[in-house]
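# Residue-level structure breakdown
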Amino acid sequence: GNQNINAKLVLLGDVGAGKSSLVLRFVKGQFVEFQESTIGAAFFSQTLAVNDATVKFEIWDTAGQERYHSLAPMYYRGAAAAIIVYDISNQAADFLRDASFERAKKWVQELQAQGNPNMVMALAGNKADLLDARKVTAEEAQVYAQEYGLFFMETSAKTATNVNDIFYEIAKRLPRV
Ligand code: GDP
Ligand code: MG
């Protein structure tokens, strides 16, 4: 039969990777060029129908700043799903080519050590519209995701590419009762 599922979902990743923009696109269908930085965390909810279930996502959009790191467990504890976001163009003010991707890997490690072991984890390579500025290939992210048991998609909050899709893929993978 058809089920109603409530699923806590957390977005993690470097500041500026596009976490808030992905949520804004998913929840409101909007994009803004000058998205304000998230303070602490923000809460949203959105319902999605999949074949056999109606999934109500309870979404925690975290800040990403190191100074809020100690708060992160409050948001990922008990979460059914996580989207770990990096910026394929790594616009982070960091000299490392792939700092945003490296930050994402740290979050994956932390979730795998401390999070719910059945958590559905998605890796989002966001800003896929910025092809000319690409620093991280889809291949290397795919290899990483496969190795650590996440599923991977490149997304663009700006063009809406794969945004609904990544939430839909998570909804499909959530355990059914
Ligand atoms: P957060 O810190 O991870 O929440 O990142 P934000 O959502 O605040 O986005 C940081 C900046 O990147 C903002 O200026 C956004 O407009 C921009 N941005 C977010 N997603 C995309 C995207 O998919 N493509 C492009 N070109 N810019 C994006
Ligand atoms: Mg934000």
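Residues numbered from 1 in each chain as written. Chains lettered and ligands numbered in written order. Predicted model: local features only at pLDDT ≥ 70, side-chain atom pairs only at ≥ 80, totals over all residues. Heavy atoms only, no water.

### Describing the layout of surface pockets
Rules: Note on definitions: the grid is 1 Å and covers protein atoms alone; a cavity is a set of points where a 1.4 Å probe fits but cannot get out; a pocket is an open set with protein on both sides within 12 Å along at least five of seven lines; lining residues have an atom within 4 Å of a point. Grid points are joined across faces, edges and corners, and a volume is the space filled by probe spheres set on the points. Secondary structure counts use DSSP, requiring at least four H or I residues in a row for a helix and at least two E residues in a row for a strand, with both numbered from the N terminus. Any residue outside Ala, Val, Leu, Ile, Met, Phe, Trp, Tyr, Cys, Pro, Asp, Glu, Lys and Arg is labelled polar, Gly included; the first ten of those are nonpolar and the last four are charged.
Counted as a void, the largest pocket has a volume near 550 Å³. Along the walls of the largest pocket sit 31 residues, with Gly 16, Ala 17, Gly 18, Ser 21 and Lys 127 positioned nearest its centre. Looking at the lining of the largest pocket, the element that brings in the most residues is helix H1 (residues 19-28), giving 3 residues. Here the lining of the largest pocket is built from residues that sort into 10 nonpolar, 13 polar and 8 charged.

### Things to note about the nonpolar core
Rule in force here: Definition of nonpolar core: a set of buried residues of the types Ala, Val, Leu, Ile, Met, Phe, Trp, Tyr and Cys, connected through side-chain atoms within 4.5 Å. Exposure is judged per residue with a 1.4 Å probe applied to protein chains only, and the accessible area is read against the type maximum: over 50% gives exposed, under 20% gives buried, and values in between give partly exposed. It only takes one pair of heavy atoms within 4.5 Å for two residues to be counted as in contact.
Core analysis: the largest hydrophobic core is formed by 29 residues, its most contacted members being Leu 9, Phe 57, Ile 83, Phe 167, Ile 170 and Leu 174. Contributions of two or more residues to this core are made by strand E1 (3-13), H1, strand E3 (53-62), strand E4 (81-87), strand E5 (120-126), strand E6 (151-154) and helix H5 (163-173). Tallying contributions element by element places H5 first for this core, with 5 residues. For Ile 170, the residues in contact, after removing those within four places along its chain, are Leu 9, Phe 57, Ala 81, Ile 83, Val 120, Ala 122 and Phe 151. Of all hydrophobic cores here, the second largest spans 24 residues; its members include Ile 88, Val 108, Met 121 and Phe 152.

### Overview of the packing of helix H3 (residues 99-114) against helix H4 (residues 138-148)
Rule in force here: For every element, the axis is a line fit to its C-alpha atoms; helices are fit only across the contacting stretch, and the angle between N-to-C directions ranges from 0 to 180 degrees. We call two directions roughly parallel when the angle between them is under 35 degrees, roughly antiparallel when it is over 145, roughly perpendicular when it lies between 65 and 115, and oblique otherwise.
Across the interface, H3 lies against H4 with an axial gap of 12 Å and an inter-helix angle of 5 degrees. The angle between the axes of H3 and H4 places the two elements in the roughly parallel class. Only Glu 140, Ala 141, Tyr 144 and Tyr 148 of H4 make contact with H3, whose side of the interface consists of Phe 101, Lys 105, Val 108 and Gln 112. Of the residues belonging to the contact of H3 with H4, the class tally is 5 nonpolar, 1 polar and 2 charged.

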